[in-house]
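One-letter residues, chain by chain:
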Amino acid sequence: MTAVTETPWSTLGYLVYKRTYSRRLDETDINSRTEEFDETVERVIKSANNQLKVGFTTQEEERLRGYLLGLKGSVAGRFWWQMGTATVDRLGLSSLQNCAFTTVDDPVRPFTWAMDMLMLGSGVGYNIQRKNVEKLPSVNASFSGPTRVDSDDADYIVPDSREGWVKLLGKTLKAAFLSEKNPTFTYSTKLIRGKGALIKGFGGVASGPEDLCWGITQISKVLEKRAGKKVRPIDMLDVMNIIGAVVVAGNVRRSAQIAIGDADDVEYLLAKRWDLGNIPSWRAMSNNSVVCDDISDLHEFFWDGYEGKGEPYGLINLKLSRKVGRLGETQYPDPDVQGYNPCAEQSLANYETCCLAEVFLPNISTRDEFLDVCKLLYRINKHSLMLPCHHEETQTIVHKNMRMGIGVTGVLQATEEQKGWLKEAYEDLRDFDDFYSRAHGWPASVKLTTVKPSGTLSLLPGVTPGVHPGYSQYMIRRVRIASNHPLVETCRAHGYDVEYQRNFDGSEDRGTVVVSFPFSYPEGTTLAKDMTAIAQLEAVKWLQEVWSDNSVSCTVYYRKEELPEIKKYLKKHYKNGHKSLSFLLHSEHGFQQAPLEEITKEVFDEMVKRTTLITSISSVEMDAGDDCASGACPVR
């Protein structure tokens, strides 16, 4: 085929690409020109052969080039950002993983591992059910947090590296849980570069030491309150959330988290009841879900979030996730699953990671083209999973499971013919995995397919995300950007509204701005107002039957009057029909600066009139790609 030279961007697509995936051509020069999309595509294709050893032929490279440039398919955001860099050579597996998960059953390792993976750009899920947290020892009765002295005689001088930050967290946790004598120490951050300095490997700029010190202080305060006592799941939630806040402070990285707790843990269920006041702002860092395989087991507080009090929690059906791939198929069991990634489309074992890819279903012309795109993306993912990892336990489980998630997006914009390809294409992909794995002497993949929320990638061509309906015909789409990012001034110059991000407690986060863009879907797009919550649930269940052997992540939009029907549906279909679910009030959800806000055509036209579409950007600094960025994952 002939390579596509014109990429079919949406009104936001080019800006989102430049913000999220375009790298400087010279990482040592802040004034260096950044990539255009064709250059990013070439970097990815070259890396597939040189770093991942995929072995694409010239003809296969040409087909892949056309699919990527034509926005028919896409590697994951991690791949767009990292492939071809020295970071992949140095860190291997973990540099390209979207999704990560750990069980909090140890006082140190789950937290240091989670911080490390978050700093590398993976979204992290963690299970804080009582049965796991109860395995942790009591906090030392005499524990007090470490003291920052910033002098050469400190017990620990924090190196200017990701590893140094993680080690400081580990030392703090060891002092709290494992030290027998004088469980405290001093530390110095004198070696950490100042805020705004270039990060040459991962990209972006340094945040300076202050946010790290703030995080260590807050984690210490959480643990000091439990001195001489066992910790609770709510304490472990706070520690993980604070870690996430520290990582976000670096501006380059996003921190996407999902906490998974017990359905009857009242403290956990009230953790995000912002309406009650006195809730730490860091708890906004995670989506929260509960483990449940029978709706009748849910505590009454669970449903309070669905009435608009605080945030609605999501549902995780671990029993079904371990039992089946696609619904009804028991030949692909997944017994080691203990949780999910932040968007809850990928079931994962302890310390496991996985990678993603995506096909823009409405843009595919034929069934053969669909399968060809899937196979080319599969090969990139499969080879990436065989890279070594600096975490031994992660390398072991990833090389055993070889889990990936090839997703489809724009499902509700696709034709009946396009949707009809999914079932048989999955079966063909399974056969291809068996053949390809045997040919390379690798294990078959325990899971292959998924449907993710697609908060970022779907914006490139402007298709509806995943299996979601269009939020509305006309809307404001809000994009979060680091305040010191040069794109902010570009957005202002083009007339777009820019404001600081507001925290749940009403304060401003001056490190992040929210930019508002007018956005619309083509006439004829299936909209949320045209679908009942039950119809959305049925679409999720259908995709779990025909395509996804992982899970189907979808935020089901609902109205309060639909709650009785939702409960009735879940009582009948949830146990054997859904692996993970989340819900959000279509309006009146209480979120400030929500990623999507419905507007009238008149407001849309007025916003378009006073803004100028961004179609080219010269020399700007870009940040790391992450499909689990704030606002992309469903609120659970």
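Details of the structure are given in the entry above.
Residues numbered from 1 in each chain as written. Predicted model: local features only at pLDDT ≥ 70, side-chain atom pairs only at ≥ 80, totals over all residues. Heavy atoms only, no water.

*Asks:* Looking at this structure, how should I read the overall build of the protein chain?
*Replies:* Secondary structure assignment for the protein chain yields 21 helices and 20 strands. In terms of overall size, the protein chain behaves like a compact globule, its C-alpha atoms giving a radius of gyration of 23 Å where 636 residues would be expected to give roughly 26 Å. Seen through its C-alpha atoms, the protein chain measures out along the principal axes to roughly 70 × 60 × 60 Å. Taking all 636 residues of the protein chain together, the buried fraction comes to 64%. Residue pairs in contact within the protein chain that sit at least 24 positions apart in sequence constitute 78% of those at least 6 positions apart. Across the protein chain, 75 positive and 84 negative side-chain charges occur, with their mean positions spaced 3 Å apart. (Helix = DSSP H or I, 4+ residues; strand = E, 2+ residues; numbered from the N terminus. Rg over C-alpha atoms; globule rule 2.2 N^0.38 Å. Buried < 20%, exposed > 50% of the residue type's maximum accessible area, 1.4 Å probe, protein only. Contact = heavy atoms within 4.5 Å. Lys, Arg positive; Asp, Glu negative; His and termini not counted. Charge placed at Lys NZ, Arg CZ, Asp CG, Glu CD.)

*Asks:* I'm lost on the nonpolar core in this one. Help?
*Replies:* For soluble globular proteins, nonpolar side chains are generally found buried alongside one another. The biggest cluster of nonpolar side chains holds 179 residues, and the ones touching the most others in it are Leu-223, Phe-370 and Trp-547. Grouped together as the second largest cluster of nonpolar side chains are five residues, Tyr-474, Ile-599, Phe-604 and Met-607 included. (Core = buried A, V, L, I, M, F, W, Y, C linked by side-chain atoms within 4.5 Å.)

*Asks:* For this particular structure, what's the right way to read the environment of Val-41?
*Replies:* Of note, Val-41 is situated in helix α2 (residues 37-50). C-alpha of Val-41 to C-alpha of Leu-457: the two residues are 416 residues apart in sequence and 14 Å apart in space. In contact with Val-41, other than residues within four places in its own chain, are Arg-65, Leu-68, Leu-69 and Trp-80.

*Asks:* Help me understand the packing of aromatic side chains in this model?
*Replies:* Each pair of aromatic rings is reported with the distance of its centres and the angle of its planes. The full count for this structure, using the stated rule, is 25 aromatic pairs. For the ring pair Tyr-496 and Phe-517, a centre distance of 4.5 Å and an interplane angle of 45° mean the geometry is tilted. Within this pair, whereas Tyr-496 is found in the loop between α18 (486-493) and β16 (497-502), its partner Phe-517 is found in strand β17 (residues 508-520), the two being separated by 21 residues in sequence. Among the residues examined, Tyr-496 registers a relative accessible area of 8% and is labelled buried. We note Lys-171 situated over the ring of Tyr-156; from NZ or CZ to the ring centre the distance is 5.2 Å. Above the plane of the ring of Trp-303 lies Lys-567, whose end atom (NZ or CZ) is 4.8 Å from the centre. (Phe/Tyr/Trp six-rings, centres within 6.5 Å; stacked < 30°, edge-to-face > 60°. Lys NZ or Arg CZ within 6 Å of the ring centre and 35° of its normal.)

*Asks:* Could you clarify how one ought to interpret the pairing of strand β12 (residues 353-360) in this entry?
*Replies:* When a strand is regular, its side chains alternate between the sheet's two faces. Of all eight residues in β12, eight are buried; the element is thus mostly enclosed. Judged by which residues are buried, β12 turns out to be covered on both faces: Thr-353, Cys-355, Ala-357 and Val-359 on one side and Cys-354, Leu-356, Glu-358 and Phe-360 on the other are all buried. Both strand β1 (residues 73-75) and β12 contribute to a ladder of three bridges, which runs antiparallel. Looking across to β12, one finds that Ser-74 is bridged to Glu-358. Alignment of strand β2 (residues 99-103) against β12, held across two bridges, turns out to be antiparallel. Among the inter-strand pairings, Cys-99 is bridged to a residue of β12, identified as Cys-354. Judged from the six bridges that link them, β12 and strand β13 (residues 404-409) form a sheet pairing that is parallel. (Pairing = 2+ DSSP bridges.)

*Asks:* Would you take a moment to explain the sheet that holds strand β6 (residues 186-188) for this structure?
*Replies:* Where strands meet in a sheet, backbone hydrogen bonds hold them as pairs that are either parallel or antiparallel. If you trace the three strands from one edge of the open sheet to the other, you get β4-β6-β5, paired in parallel fashion. Across the chains shown, the open sheet's two edge strands, defined by having one partner strand only, are β4 (147-148) and β5 (156-157).

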